[in-house]
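Single-letter residue listing:
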Amino acid sequence: MPPLFETMIRSDEPYPSVCVGVYQGEGRLIIETVNMNGSSVWPGQQGRVALPVNTLQQVESDTILVGFNNQAMFVNREGVQKHSNRTRSSLSYSVPISSLVCLEGGVLGFHKSGMEGRSLQTGRVEAEVRDDSKVFRLLSSARMIILESRVASDSTNSSNLYVLTSRLHE
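The sections below set out a description of the structure shown in this document.

The rules behind the values
- Residues numbered from 1 in each chain as written.
- Predicted model: local features only at pLDDT ≥ 70, side-chain atom pairs only at ≥ 80, totals over all residues.
- Heavy atoms only, no water.
- Helix = DSSP H or I, 4+ residues; strand = E, 2+ residues; numbered from the N terminus.
- Buried < 20%, exposed > 50% of the residue type's maximum accessible area, 1.4 Å probe, protein only.
- Contact = heavy atoms within 4.5 Å.
- Pairing = 2+ DSSP bridges.
- Axes fitted to C-alpha atoms, helices over the stretch in contact; angles between N-to-C directions.

1. Concerning unusual backbone geometry
Then comes step 1: Phi at Asn69 takes a positive value of approximately 50°, unusual for a residue other than glycine.
Then comes step 2: Checked against the element boundaries, Asn69 lands in the loop between strand E5 (63-68) and strand E6 (71-75).
Then comes step 3: A relative accessible area of 41% places Asn69 in the partly exposed class.

2. Quick notes on the environment of Tyr162
Then comes step 1: In this fold, Tyr162 is placed in strand E14 (residues 160-164).
Then comes step 2: The exposure class assigned to Tyr162 is partly exposed, which follows from its relative accessible area of 32%.
Then comes step 3: Between the C-alpha atoms of Tyr162 and Leu56, which are 106 residues apart in sequence, the distance is 23 Å.
Then comes step 4: Each residue touching Tyr162, except ones within four places of it in the same chain, is listed here: Lys134, Ile145, Ile146, Leu147 and Ser149.

3. Let's talk about the sheet that holds strand E8 (residues 99-102)
Then comes step 1: Read from one edge to the other, the open sheet built from four strands follows the order E8-E9-E10-E11, with strand pairing classed as antiparallel. The open sheet terminates on both sides in strands that have one partner only, identified here as E8 and strand E11 (125-130). On average, adjacent strands in this sheet sit at an angle of 15° to one another, irrespective of strand direction.
Then comes step 2: In the sheet, E8 pairs with strand E9 (residues 106-111) via four bridges, with the strands oriented antiparallel. Pairing of Val101 across the sheet is with Leu108, part of E9.

See the structure below:
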């Protein structure tokens, strides 16, 4: 797993903080950051094993999407799970995910054999692509979602690119 290095922006600070690790704490996640706005020292989490985070994305000013194993969680800057009457604060996927993309009505979880889209309201699967004969990889989710697929038995073979344009039901 590549090292974690994701920025988190606050409107009241001139420079972003950089998240360098996420750990399981007592009833919350410990989000370890380097604050570029002062002389904070990065202490490190001695004796703790970092969670295998594959996605850390700031989706609102005080909401962070964290993905690890087969989980997607919405937490605040302190790592406490965000609760809402309208949407779920966490989603569980049927397989371990390699990356997440948050959409208006749901979260797409990408994995080696495809993609699973879950509704933020119900947590149910709303969209799914699964083909064990291919290997899928998310290439971009900045402005449009671009997905690559290759034949699983031959990684030197040419690949197919897909642009995902639909969104989950609201």
